[in-house]
Amino acid sequence: GLDTAIDESEIPSGADEHWALAEQAFEQRQFGRTRTLYRLFGERHGADERVDNALFRIGVSYLEENRPATALGELNNVQTNHPDGDVADDALFAMANAFYALHACADARSTLQALIRTHTSSPLLPRARTRLREIQRAPRSYCTR
């Protein structure tokens, strides 16, 4: 599960080629490799408009590994550093799922409410509203926070 060491020579210098390699690792569920490639993408191509997407994918990779607490930290970076980026709404949705996985139902609800309030044209709104209803119906014994 840890980030994987990668031979730097195998990483293309071009941003598009580097991005394609990271996406391929993500699709193949090689999450340690995925994170290393996305982190290096952010370091090497800091001005690229996909840097927020890289942070988002790092967070999602931890969710996929059932590590919601770690995912939250990464997804929060998207919110903090790229609040107007094209994955800000996706990051909020993923954060809500991470909070819910941690039994933090109040945080999950407030995160979804923030998404609905601040991203009024997001294609995620129907899913966010459905998820909000699901969380509100969660058994009280599940929700410890």
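Going by the structure above, here's the rest.
Quick caveat, the model's predicted, so the values are computed rather than measured.

What to know about the state of the cysteines
Point 1. The tally for this structure, following the rule as stated, stands at one disulfide.
Point 2. Each sulfur in the disulfide pair Cys 105 and Cys 143 lies 2.0 Å from the other. Between Cys 105 and Cys 143 the disulfide shows an S-S torsion of about -80 degrees. By sign, it is left-handed. Remark: Cys 143 occurs in the segment after helix H7 (125-136) and Cys 105 occurs in helix H6 (residues 105-118); sequence separation between them is 38 residues.

Re the packing of aromatic side chains
Point 1. Going through the model one piece at a time under the given rule, you end up with four aromatic pairs.
Point 2. Taken together, the ring pairs connect Trp 19, Tyr 38 and Phe 41 into an aromatic cluster.
Point 3. Positioned above the aromatic ring of Tyr 62, the side-chain terminus of Arg 35 is 3.9 Å from the ring centre.
Point 4. Residue placement shows Arg 57 over the ring face of Phe 26; its charged tip is 4.3 Å from the ring centre.

Here is what the cut-offs are and how they apply
Residues numbered from 1 in each chain as written. Predicted model: local features only at pLDDT ≥ 70, side-chain atom pairs only at ≥ 80, totals over all residues. Heavy atoms only, no water. Disulfide = S-S within 2.5 Å. Helix = DSSP H or I, 4+ residues; strand = E, 2+ residues; numbered from the N terminus. Phe/Tyr/Trp six-rings, centres within 6.5 Å; stacked < 30°, edge-to-face > 60°. Lys NZ or Arg CZ within 6 Å of the ring centre and 35° of its normal.

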